[in-house]
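Take a look at the letters that make up each chain.
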Amino acid sequence: MGSTVLAAAEEIAMEPPEALHSSTVFVYSDRSMPNVHIPIQAIKGRGISHAQPHRFLRDAREAFDDGWGALDQRALAQGEAPPPATEVTWEDCRSAITKNDSPDIGFHLGLNPYRGCEHGCVYCYARPTHSYLNLSPGLDFETKLIAKRNIAAVLMRELASPRHVPGLLAIGTVTDAYQPVERELRLMRDVLQVLAEARHPLAIVTKGSGVERDIDLLAPMAAQGLAAVYVTVTTLDAKLARILEPRAAAPHRRLRTIRPLAEAGIPVGVSVAPQIPFINEDMEQVLEAAWEAGASRAFYTVLRLPWELGPMFRQWLDLHYPDRAARVMARVQEMRGGKDYDADFAQRMKGAGIWADLIRQRFDKACRRLGYNQEREPLDTSQFKPQ
């Protein structure tokens, strides 16, 4: 006999690890109950419309229509209610620099001032990291943020350690350091000041126009071969960007960010990632617009759907592109050996198969035509002087 685990009438909010509590669930037999389609609704200004259960939960909860109209009333109330507000929790981090030995990544040092990202990009492969906090990789990832308030001080201590070996420090490769809350919290500004004083090389990947605020720090570092910035422009279609990356800067604003960075002498590249079959099909136009704005380097990846991201992306497709959802996932799986995702280092970034080859050929051809360099900006580690 199968069973469906249901939440009580109201959603039970997930708490951070320090405030965990037990919750009550009700289990009903579904032996005689037919499958009922529960409609989903988009939330204005948010990428994911629900609190996707994370993979560490013991019990999975799903909505169920009992025929009394409760779901219709709830949907109506959600439509009238304002979108969920962003909450920020302070964290005193124990480390600032993360390390990896992945052979398919061109750096082994990383730094991220925030956990979670208000940009709300539907495709973000970092969403499942919120599961480790006992939070949903869905709505919680973009509404419940963790800010590492002492990250600059911890970074200074780590750079001063005799065990630290300078190398390219990649910032924003997990969550965006220039997401909206950075305007007030200024954690990234503090990090840059520490790195500038230590003459430590860094590369930033961002969708945020807030990086322009820090040109005064980045330009002198760039003149010494210590800094580069990569701006992600997934599409030029503003309507698509609004539902794909709801709180990131608009495409035209990101292009406008490239120009002052380049004019200040900062090496600027463009990321046209991720490439999603039948969704963002204007790669060549993006590369051309970014080149005209001043970008000189370019890279891309294809869509990655690890862990909980697979079902969330499928729901997003059903909501916004029901006419092509099956075609999109068929091509995604074609690039992943028949699965939603394959973590194999040899293909997780670019995929494999005919469709992946087609995307690669389009990218290579456009880069050759425009003059892009596909190699990362070489940065100097010899000037490092810990404070």
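Data block above holds the structure.
Residues numbered from 1 in each chain as written. Predicted model: local features only at pLDDT ≥ 70, side-chain atom pairs only at ≥ 80, totals over all residues. Heavy atoms only, no water.

1. A word on the packing of aromatic side chains
Considering all chains together, one arrives at 6 aromatic pairs under this definition. For the pair Tyr 300 and Phe 363, a centre-to-centre distance of 4.7 Å together with 50° between the ring planes defines the contact as tilted. Of this pair, Tyr 300 sits in the loop between strand 12 (297–299) and helix 10 (309–320) while Phe 363 sits in helix 12 (residues 354–370), and the two are 63 residues apart along the sequence. Judged by its relative accessible area of 1%, Phe 363 is buried. Ring plane angle 55° and centroid distance 5.6 Å describe the contact between Trp 316 and Tyr 321, whose orientation is recorded as tilted. For Tyr 321, a relative accessible area of 14% corresponds to the buried category. (Phe/Tyr/Trp six-rings, centres within 6.5 Å; stacked < 30°, edge-to-face > 60°. Helix = DSSP H or I, 4+ residues; strand = E, 2+ residues; numbered from the N terminus. Buried < 20%, exposed > 50% of the residue type's maximum accessible area, 1.4 Å probe, protein only.)

2. Side note on the nonpolar core
Ile 171 and Leu 287 are the most contacted members of the largest nonpolar core, which totals 60 residues. When residues no more than four places from it in sequence are discounted, the contact partners of Leu 287 are Val 270, Val 272, Ala 298, Phe 363, Ala 366, Leu 370 and Tyr 372. By size, the runner-up hydrophobic cluster in this structure holds 25 residues, among which are Ile 48, Cys 121, Leu 305 and Met 329. (Core = buried A, V, L, I, M, F, W, Y, C linked by side-chain atoms within 4.5 Å. Contact = heavy atoms within 4.5 Å.)

3. A look at the pairing of strand 9 (residues 202–206)
Burial analysis of strand 9 places 5 of its 5 residues in the buried class, which makes it a mostly covered element. Burial along strand 9 is two-sided: the residues Leu 202, Ile 204 and Thr 206 and Ala 203 and Val 205 are all buried. As defined by bridge partners, strand 8 (residues 169–171) adjoins strand 9 across 3 bridges and the pair is classed as parallel. Following the sheet pairing, Leu 169 is matched in strand 9 by Leu 202. Alignment of strand 9 against strand 10 (residues 227–232), held across 5 bridges, turns out to be parallel. The residue of strand 10 that forms the bridge with Ala 203 is Ala 228. In this region the chain leaves strand 9, passes through helix 6 (residues 215–223) and returns to the parallel neighbour strand 10; the handedness of that crossover is right-handed. (Pairing = 2+ DSSP bridges. Right-handed = clockwise from strand over helix to strand, strands pointing away.)

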